[in-house]
Amino acid sequence: MAHVTVISRTEVAFAPDLPSLAPAAEIAFSTEHTAPTRVYLPMEFYRPATLEERAQNPRYGLYPKDAAAEASERDVVSKVIDMAYRTVLHKYEV
């Protein structure tokens with residue numbers, strides 16, 4: 001898997017990808033081969049950042065609640081990256 005940089009984790013009022021109109025977590029990430037991309041996950045997987053965490057990285061307003069939530073985030077991100085790599089046009093010289 002590619003090296004993933006999580007740019008930010010923030011709460012949004014609703015997510016275009018999720019069926020309900022409940023608040024969601026917006027995770028912005030990029031890799032060395034993909035442009036910054038956003039995915040949306042249910043808020044139930046996240047907790048608000050503490051003041052110390054906010055001071056260390058103000059772009060992270062949310063953190064995964066537990067290892068299962070972190071694994072879920074990684075799964076979604078890896079699926080998006082896989083789709084992006086499949087759509088990349090491969091160039092070669094003739």
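Below: a short report on this structure.

Thresholds applied
- Residues numbered from 1 in each chain as written.
- Predicted model: local features only at pLDDT ≥ 70, side-chain atom pairs only at ≥ 80, totals over all residues.
- Heavy atoms only, no water.
- Helix = DSSP H or I, 4+ residues; strand = E, 2+ residues; numbered from the N terminus.
- Expected span 1.5 Å × (residues − 1).
- Buried < 20%, exposed > 50% of the residue type's maximum accessible area, 1.4 Å probe, protein only.
- Contact = heavy atoms within 4.5 Å.
- Polar contact = N/O pair within 3.5 Å; in protein donor to acceptor, adjacent residues only side chain to side chain.
- Phe/Tyr/Trp six-rings, centres within 6.5 Å; stacked < 30°, edge-to-face > 60°.
- Lys NZ or Arg CZ within 6 Å of the ring centre and 35° of its normal.
- Core = buried A, V, L, I, M, F, W, Y, C linked by side-chain atoms within 4.5 Å.

**A look at helix α2 (residues 67-87)**
Consideration 1: Here α2 is 21 residues long and its end C-alpha atoms lie 31 Å apart, about the 30 Å a rise of 1.5 Å per residue gives.
Consideration 2: Three or more residues of α2 are buried, namely Ala-69, Ser-72, Glu-73, Val-77, Ser-78 and Ile-81.
Consideration 3: Elements in contact with the buried residues of α2: β1 (4-12), β2 (24-31), β3 (34-42), β4 (46-48) and β5 (62-64).
Consideration 4: Put simply, Asp-66 is the residue that caps the front of α2, since its side-chain oxygen is 3.3 Å from the backbone nitrogen of Ala-68.

**Some details on the environment of Leu-51**
Consideration 1: In this fold, Leu-51 is placed in helix α1 (residues 51-56).
Consideration 2: Here the alpha-carbon distance between Leu-51 and Gly-61, two residues ten residues apart in the chain, equals 9.7 Å.

**Considering the packing of aromatic side chains**
Consideration 1: Within the structure shown, the criterion is met by one aromatic pair.
Consideration 2: Both rings, one in Tyr-60 and one in Tyr-63, keep their centres 5.7 Å apart while their planes meet at 75 degrees; by these two values the pair is edge-to-face.
Consideration 3: A relative accessible area of 17% places Tyr-63 in the buried class.
Consideration 4: Over the ring of Tyr-60 we find Arg-9, and its NZ or CZ is 5.0 Å from the ring centre.

**Digging into the environment of Phe-29**
Consideration 1: Structurally, Phe-29 can be placed in strand β2.
Consideration 2: Taking the C-alpha atoms as reference, Phe-29 lies 9.0 Å from Arg-9; in sequence the two are 20 residues apart.
Consideration 3: If near-sequence neighbours (up to four positions away) are discounted, Phe-29 is found in contact with Val-4, Thr-5, Val-6, Ile-7, Ala-35, Pro-36, Thr-37, Val-39, Val-77, Val-80 and Ile-81.

**Topic: the nonpolar core**
Consideration 1: Counting 13 residues, the largest nonpolar core has Ala-25, Ile-27, Phe-29, Val-39, Tyr-46 and Val-77 as its most contacted members.
Consideration 2: Mapped by element, the contributors of at least two residues to this core are β2, β3, β5 and α2.
Consideration 3: With three residues, the top contributor of residues to this core is β2.

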